[in-house]
Amino acid sequence: MRAARTAMAAICCIIMSAACTKQAQETKYGKQEETIEKFVQQQTSKFNDARVVYQGGVVRIVLSEGEGVELSARGSAVIRYAGYDFSKGSMSASSMFATNDRSLAESVGWFVNDSTAWDPMHISLSDKDVVPGLAKGMAGMKKGEEAIILFSGKYGFGKHGLGMIPADAALAYQLIIEDLEN
């Protein structure tokens, strides 16, 4: 009987601990979403023609409109991009973790001898390895469109992180769609 009570107490502690951890993570994501919204407001006041698109937890700030058909959620695109750890609420040289834009890379002191690093990237939105927030944010973009896509860690790499990107980090991608196919 005592062993059963001890086991029940241990199970209750585990459940409560998991609930607290989940609540802390949701609170963190909520704060990230507030930071993202402040950034969106700053950008839309800076770029008068900017258009904002909200897509289920992901925000896209359209800086330059594209033309033609919209990229479908299962389509693919050829892009130029820069990815940023948005944990501190800005897109700065120190928070950039990847780019295939040679001039941008060199302007922040990145030099790579592999010339293929600067090739446009082909991305399929249905690929399970694509960051969920990026795929959500790109859906609906058009050829030639330039945008900033922002999302909390909930739609990024989550609790796992990746390389220079910490776990639960909010992310921002600035990209241009060079071509697309649905």
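Remember, it's a predicted structure, so these values are computed and weren't measured experimentally.

### Let's talk about the pattern of salt bridges
- Taken as a whole and assessed by the stated rule, the structure comprises 7 salt bridges.
- Residue Glu65 pairs with Arg51 through a salt bridge whose shortest N-O separation is 2.8 Å. Here Arg51 lies in strand 1 (residues 51-55) and Glu65 lies in the loop between strand 2 (58-64) and strand 3 (67-70), a separation of 14 residues in the sequence.
- By relative accessible area, which is 45% here, Glu65 ends up partly exposed.
- Its salt-bridge partner being Asp179, residue Lys143 comes within 3.9 Å of it at the nearest N-O pair. Highlighted residues: Lys143 in strand 7 (residues 142-143) and Asp179 in strand 9 (residues 171-181), separated in sequence by 36 residues.
- Taking the relative accessible area as the measure of exposure, Lys143 reaches 43% and is therefore partly exposed.
- With relative accessibility at 38%, the residue Asp179 sits in the partly exposed group.

### A short note on the nonpolar core
- Ranked by size, the top nonpolar core spans 27 residues in total, and within it Leu134, Met138, Phe151, Tyr173, Leu175 and Ile177 carry the most contacts.
- Put simply, the parts of the chain that give this core at least two residues each are strand 4 (76-85), strand 5 (96-99), helix 3 (132-138), strand 8 (146-151) and strand 9.
- The dominant element in this core, judged by the number of residues it contributes, is strand 9, at 5 residues.
- Each residue touching Ile177, except ones within four places of it in the same chain, is listed here: Leu71, Ala77, Val78, Ile79, Met138, Met141, Lys142, Lys143, Gly144 and Glu145.
- Ranked by size, the runner-up nonpolar core spans 14 residues in total, among them Ile36, Tyr84, Phe86 and Ala170.

### Regarding unusual backbone geometry
- Even without a glycine there, the phi angle at Asp168 is positive, about 60°.
- Looking at where Asp168 falls in the secondary structure, it is placed in the loop between strand 8 and strand 9.
- With a relative accessible area of 12%, Asp168 lands in the buried category.

### Comments concerning the packing of aromatic side chains
- Counted according to the given criterion, the structure contains 3 aromatic pairs.
- An angle of 75° between the planes, with centres 5.1 Å apart, marks the rings of Phe39 and Phe86 as edge-to-face. Note that Phe39 is positioned in helix 1 (residues 2-46) and Phe86 in the loop between strand 4 and strand 5, a separation of 47 residues in sequence.
- On the basis of relative accessible area, Phe39 is assigned to the buried category, the value being 8%.
- Arranged with centres 5.9 Å apart and planes meeting at 90°, the rings of Phe97 and Tyr173 form a pair that is edge-to-face. Separated by 76 residues along the polypeptide, Phe97 in strand 5 and Tyr173 in strand 9 bring together distant segments of the chain.

### With respect to the pairing of strand 4
- Burial within strand 4 is extensive, with 8 of its 10 residues counted as buried.
- Bridge count for strand 4 against strand 6 (residues 121-124) is 4 bridges, and the pairing is antiparallel. Each bridged residue has a counterpart across the sheet, and for Val78 the counterpart in strand 6 is His122.
- Where strand 4 lies against strand 9, 10 bridges are found, and the strand directions are antiparallel. Note that in strand 9 the partner of Asp85 across the bridge is Leu171.
- As paired strands, strand 4 and strand 5 are joined by 3 bridges and run antiparallel to one another. When the bridges of strand 5 are listed, Ala82 appears paired with Thr99.

Reading the values: rules and limits
- Residues numbered from 1 in each chain as written.
- Predicted model: local features only at pLDDT ≥ 70, side-chain atom pairs only at ≥ 80, totals over all residues.
- Heavy atoms only, no water.
- Salt bridge = Lys/Arg side-chain N within 4 Å of Asp/Glu carboxyl O.
- Helix = DSSP H or I, 4+ residues; strand = E, 2+ residues; numbered from the N terminus.
- Buried < 20%, exposed > 50% of the residue type's maximum accessible area, 1.4 Å probe, protein only.
- Core = buried A, V, L, I, M, F, W, Y, C linked by side-chain atoms within 4.5 Å.
- Contact = heavy atoms within 4.5 Å.
- Phe/Tyr/Trp six-rings, centres within 6.5 Å; stacked < 30°, edge-to-face > 60°.
- Pairing = 2+ DSSP bridges.

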